[in-house]
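Residues per chain, in single letters:
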Amino acid sequence: MESLHKVSAGFVFAFLSLHIANHLVGLQGLDTHLAFMAVARMVYRHPVVEMIVLLAFLMQILTGWALAREIWARRKDFVHQLQAASGVYIAFFAITHVAFLFCARQVPGLDTDIYLIVAGLMQSGWMYVLIPYYGLALFALFVHMGCILFDIFKKTMRPVSWGLLVVTVAIGGYATWLMMMFYSGHTVALHVPSQYFDIYPLIHTK
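Keep in mind that what you see is a predicted model, and the values were worked out from it rather than measured.

Draft legend 1. Quick look at helix H7 (residues 158-183). Between its first and last C-alpha, H7 extends 37 Å over 26 residues, near the 38 Å set by a 1.5 Å rise per residue. Every buried residue of H7 is accounted for by Ser161, Leu165, Thr168, Gly172, Ala175, Thr176, Leu178, Met179, Met180, Phe182 and Tyr183. Looking at the residues trailing H7, positive phi occurs at Gly185, about 80°.

Draft legend 2. Local environment of helix H5 (residues 114-121). Among the eight residues that make up H5, eight are buried, leaving the element largely enclosed by the rest of the structure. Every buried residue of H5 is listed here: Ile114, Tyr115, Leu116, Ile117, Val118, Ala119, Gly120 and Leu121. At the N-terminal boundary of H5, the capping side chain belongs to Asp113, with an oxygen 3.1 Å from the backbone nitrogen of Tyr115.

Draft legend 3. Broad picture of the side chain of Gln60. Structurally, the position occupied by Gln60 is in helix H3 (residues 47-74). Given the relative accessible area of 17%, Gln60 is considered buried. One polar contact links Gln60 to Ser8, side chain to side chain, over a distance of 2.8 Å.

Draft legend 4. View of the nonpolar core. Phe57, Tyr134, Phe182, Tyr183, Val192 and Tyr196 are the most contacted members of the largest nonpolar core, which has 43 residues in total. For this core, the elements supplying multiple residues, two or more each, are helix H1 (2-24), helix H2 (30-44), H3, helix H4 (78-105), H5, helix H6 (124-153), H7 and helix H8 (194-197). In terms of residue count, H6 provides more of this core than any other element does, eight residues in total. Those residues in contact with Tyr134 that lie beyond four places of it in its chain are Phe93, His97, Phe100, Ile117 and Met180.

How each quantity is defined
Residues numbered from 1 in each chain as written. Predicted model: local features only at pLDDT ≥ 70, side-chain atom pairs only at ≥ 80, totals over all residues. Heavy atoms only, no water. Helix = DSSP H or I, 4+ residues; strand = E, 2+ residues; numbered from the N terminus. Expected span 1.5 Å × (residues − 1). Buried < 20%, exposed > 50% of the residue type's maximum accessible area, 1.4 Å probe, protein only. Polar contact = N/O pair within 3.5 Å; in protein donor to acceptor, adjacent residues only side chain to side chain. Core = buried A, V, L, I, M, F, W, Y, C linked by side-chain atoms within 4.5 Å. Contact = heavy atoms within 4.5 Å.

Note that all results are geometric; they support no functional claim without further evidence.
Dropping the structure here:
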């Protein structure tokens, strides 16, 4: 079970690294983000690559849930508990986010790009739901990675392992803050096409 989790994690990590980089470059401007995304999509939207990534995510979710249940059943240490909790939220986010993107793709002429997120965050009602939803997902990813680094080095260099955990979580907190500021239009001007607001019909007001 753990071996399958590690193998699928390699594919998921490669995709997430590209995906997060795609959003981080947005801090340099929306045009930079869109240009980077156009190139990145040539990779992760290739039918074969997309299928591999989806299968890897599915394997991560199934094996991760089993490992999390084992951690909770055996009442392992705090870091393992943190790793399990962050992993479960990442799985929840992956399932709901992919489902949302799939539904949005069915809307004629709508591109599931950054405007899809920004449209929700620019509305006061949805903002209070989506900032914790997206922010916690990004932060949980860094927490999960920090726990993995801790586990790798804890037997040989325990002080280093704690340092890696703390630094990774701190970087995650800062990256999450930057991304939420970017998505909500506080770092660059974001002019969202009106059709994106129609995805949130219950709260959008003109």
